[in-house]
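Observations on chain architecture
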Amino acid sequence: MEGMIRRSCRVFAVFAGVVLLSGWFALLPIPGTGATLEEKLADFVAEVGAKPQNNAVAVARDPKRWGWGWAAGRESPEEAGRAALESCRVAAERDKVAAPCQIHAVNGAVVAPAP
């Protein structure tokens, strides 16, 4: 199942269809919602966009896996983008996502479609 986590982990919080797992975010199917990955990503972008200005979300997605990272409260949108890309790179490397990370949203506005 695409988007499912296949290892044990602790769930710390669930909000807006996004699950915080041991300090990193993952999109998991929420039974009964029928929400797509893109819809859940849109909810996450709204959550990050509500954080202090100069925030960004980066996403990497290959046919079998995905990863993402985010940053908020940075000195500039560019710095937020660089930090989100680094956070995404770490998550993608950890989860063995072959695709490169790309900026998806800055300050709550989508700047590129989800990969």
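Residues numbered from 1 in each chain as written. Predicted model: local features only at pLDDT ≥ 70, side-chain atom pairs only at ≥ 80, totals over all residues. Heavy atoms only, no water.

As for the pattern of salt bridges
- Within the structure shown, the criterion is met by three salt bridges.
- Taking the shortest distance from any N to any O, the salt bridge between Arg 89 and Glu 86 comes out at 2.6 Å. In this pair, Arg 89 and Glu 86 are both assigned in helix H2 (residues 77-94), three residues apart and thus about one turn of the helix distant.
- Assessed through its relative accessible area of 38%, Glu 86 is described here as partly exposed.
- Linking Asp 95 and Arg 94 is a salt bridge whose minimum nitrogen-to-oxygen distance equals 3.3 Å.
- The exposure class of Arg 94 is partly exposed, given its relative accessible area of 35%.
- The network of salt bridges with common partners includes Glu 86, Arg 89 and Glu 93. (Salt bridge = Lys/Arg side-chain N within 4 Å of Asp/Glu carboxyl O. Helix = DSSP H or I, 4+ residues; strand = E, 2+ residues; numbered from the N terminus. Buried < 20%, exposed > 50% of the residue type's maximum accessible area, 1.4 Å probe, protein only.)

Side note on the confidence of the model for the chain
- Mean pLDDT over the chain works out to 75, with 68% of the residues at or above the 70 mark.
- Per-element confidence in the chain is highest for H2, whose mean pLDDT is 95, and lowest for strand E1 (residues 11-15), whose mean pLDDT is 41.
- Throughout residues 1-32 the model reports pLDDT below 50, and contacts reaching past four residues in sequence, or to other chains, amount to 67 contacts. (pLDDT = per-residue confidence, 0-100. Contact = heavy atoms within 4.5 Å.)

Things to note about the state of the cysteines
- Inspection of the entire model under this criterion finds one disulfide.
- The side chain of Cys 88 participates in a disulfide bridge whose partner is Cys 101; the two sulfur atoms lie 2.2 Å from each other. Across the S-S bond of Cys 88 and Cys 101 the torsion is about -85 degrees, and the bridge reads as left-handed. Of this pair, Cys 88 sits in helix H2 while Cys 101 is found in the loop between H2 and strand E6 (102-106), placing the two residues 13 residues apart along the sequence. (Disulfide = S-S within 2.5 Å.)

With respect to the pairing of strand E4 (residues 56-61)
- Buried residues dominate E4, accounting for five of its six residues.
- The pairing of E4 with strand E5 (residues 66-71) spans six bridges and is classified as antiparallel. Residue pairing for E5: Val 59 is matched across the bridge by Trp 68.
- Hairpin connection between E4 and E5: a loop of four residues separates the two successive antiparallel strands.
- Where E4 meets E6, four bridges bridge the pair, whose relative direction is antiparallel. Opposite Ala 58, over in E6, you have Ile 103 as the bridge partner. (Pairing = 2+ DSSP bridges.)

Thoughts on unusual backbone geometry
- The phi dihedral of Asn 54 falls on the positive side, at around 60 degrees, and the residue is not glycine.
- Checked against the element boundaries, Asn 54 lands in the loop between helix H1 (37-49) and E4.
- With a phi angle near 60 degrees, Lys 96 is a residue other than glycine that sits in the positive phi range.
- Mapped onto the secondary structure, Lys 96 falls in the loop between H2 and E6.

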